[in-house]
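Architecture at a glance
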Amino acid sequence: MGNVYLTGAGPGDVELLTLKAARVIKEADVVIYDRLANPEILKMAKDGCEFVYVGKEDGRHIMPQEEINEVIYQNSLKYENVVRLKGGDPFVFGRGGEEAIYLQERGKTFEIIPGITSAVSAPAYAGIPVTHRGVAVSFRVVTGHESPNKKESQIPWDNFKTDDTIVFLMGLHNLPKISKKLQEVGKPADYPCAVISRGTTKDQTVVVGTLEDIVQKSQGVPTPALIIVGHVVELREQLNWFGQ
Ligand code: SAH
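Figured I'd write up the structure that's included with this text. (Residues numbered from 1 in each chain as written. Predicted model: local features only at pLDDT ≥ 70, side-chain atom pairs only at ≥ 80, totals over all residues. Heavy atoms only, no water.)

**Topic: the packing of helix H2 (residues 65–78) against helix H3 (residues 96–105)**
Short version of the rule: In this analysis an axis means a line fitted to C-alpha atoms, helices contributing only their contacting stretch, and an angle means the value between N-to-C directions, from 0 to 180 degrees. Counting from the N terminus, the helices are DSSP H or I runs at least four residues long and the strands are E runs at least two residues long. The labels follow the angle: roughly parallel below 35 degrees, roughly antiparallel above 145, roughly perpendicular from 65 to 115, and oblique for the rest. For any pair of crossing helices, the crossing counts as left-handed if the nearer helix is rotated counterclockwise from the farther one by less than a right angle, and right-handed if it is rotated clockwise. A contact between two residues is defined here by any heavy atoms of the two lying within 4.5 Å. In the scheme used here, Gly and all other residues not listed as nonpolar or charged are polar, with Ala, Val, Leu, Ile, Met, Phe, Trp, Tyr, Cys and Pro taken as nonpolar and Asp, Glu, Lys and Arg as charged.
Across the interface, H2 lies against H3 with an axial gap of 10 Å and an inter-helix angle of 50°. In this view, H2 runs oblique relative to H3, as classed from their interaxial angle. In the crossing of H2 with H3, the sense of the turn from one axis to the other is right-handed. Residues Gln65, Glu66, Ile68, Asn69, Glu70, Ile72 and Tyr73 of H2 form the contact with H3, whose participating residues are Glu98, Glu99, Tyr102 and Leu103. Here the contact of H2 with H3 is composed, by residue class, of five nonpolar, two polar and four charged.

**Details of the side chain of Asp29**
Test applied: Using a 1.4 Å probe on the protein chains alone, a residue whose accessible area is under 20% of its type maximum counts as buried, one over 50% counts as exposed, and one in between counts as partly exposed. Definition of a polar contact: a pair of N or O atoms within 3.5 Å, with one able to donate and the other able to accept a hydrogen when the atoms are protein atoms, and with sequence-neighbouring residues admitted only if both atoms are side-chain atoms.
Residue placement: Asp29 occurs in the loop between helix H1 (19–27) and strand S2 (30–33). Taking relative accessible area as the criterion, Asp29 reaches 17% and is therefore assigned buried. At 3.1 Å, the side chain of Asp29 and the side chain of Lys46 are in polar contact. Separated by 3.3 Å, the side chain of Asp29 and the backbone nitrogen of Glu80 make a polar contact. Not counting residues within four places of it along the chain, the set of residues in contact with Asp29 comprises Lys46, Gly48, Cys49, Glu50, Tyr79, Glu80 and Asn81.

**Topic: the side chain of Asp89**
The condition that has to hold: Only four residue types enter the charge count: Lys and Arg as positive, Asp and Glu as negative, with His and the chain ends excluded. By salt bridge we mean one thing: a side-chain nitrogen of Lys or Arg within 4 Å of a carboxyl oxygen of Asp or Glu.
Tracing the sequence through the fold places Asp89 in the loop between strand S6 (81–86) and H3. Buried charged residue Asp89 carries no salt bridge. Nearest counter-charge: Lys86, at 9.6 Å. A polar contact of 2.7 Å, which involves the side chain of Asp89, links it to the backbone nitrogen of Phe91. Once you skip the residues sitting within four places of it in the chain, Asp89 turns out to touch Gly94, Pro114, Gly115, Ile116 and Thr117.

**Observations regarding the site of the ligand**
Formally: Residues are labelled near a given molecule or strand when at least one of their non-hydrogen atoms is within 4 Å of it. All accessible-area figures derive from a Shrake-Rupley calculation using a 1.4 Å probe, and residue coverage is judged against the displayed protein chains alone. The split into domains, and so the bounds of each, comes from an automatic or database assignment of domains.
The full set close to the ligand counts 18 residues, and Val92, Thr117, Ser118, Gly199 and Ala225 are the nearest of them. Side-chain polar atom of Thr117 to an oxygen atom of the ligand: 2.7 Å apart, as the coordinates give it. In this structure, Met170 approaches the ligand through a main-chain N or O atom, which is 2.9 Å from an oxygen atom. Contact with the protein chains covers 97% of the free accessible surface of the ligand, which is 540 Å². Residue composition of the shell around the ligand, grouped by class: 10 nonpolar, five polar and three charged. Composition of the shell around the ligand by domain shows at least three residues from each of domain 1 (3–113) and domain 2 (118–239).

Encoded structure:
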């Protein structure tokens, strides 16, 4: 009987939540959330709403995905309005597709509420447009979770020679390998890149560097963090607006 809302929580700044997400959270009987969803959002829920934490850190699951799927499903048998709240957008490295398939296979109804992904909004708050006329005609969002040294890599590294913007999510721990790999496929050592940590929040930190020095410069930067590679990073000099 219950309906599940696979809901994007946005990147961190609570005001980047959509009106639709805010509405379903207010109506929720249970909110199933992970670490990346700003806890401030939970305060919007009505009295008596239940909260279930299914923590997840940098792609490492405290609870295995299978179990999370089952928790969502079980709650949908119990409650009318189930909100599955996920950081950013549920379909951008959020495993929202897997959760939706699990529900669909069990005859449950669901709705997807897209969220503002960190892949675009953290750069925006850092003053870095992911595309810019004359600088980058496209951007790609890539998992940084997979080691670039992996034998049968699913990532088409050879395509990364172009000047299109590359955003790596979940990649901070692989940054040394990623920067090395990008140089191996032909990017110069002084190619611009940046690490954006806790983007869109008051704790946002931005480290600007090159493929050669970014590892050393960004040491100790806290997660969640993304890596953005491309000449668009240079625009930050003029566009850095947040926290000014
Ligand atoms: N669905 C999410 C991404 C989940 S993968 C989205 O659309 O944003 C988790 C990764 O997202 C983190 O490892 C980090 O690379 C990135 N991330 C999430 N929130 C972030 C933030 N506020 N600042 C920088 N990176 C963030």
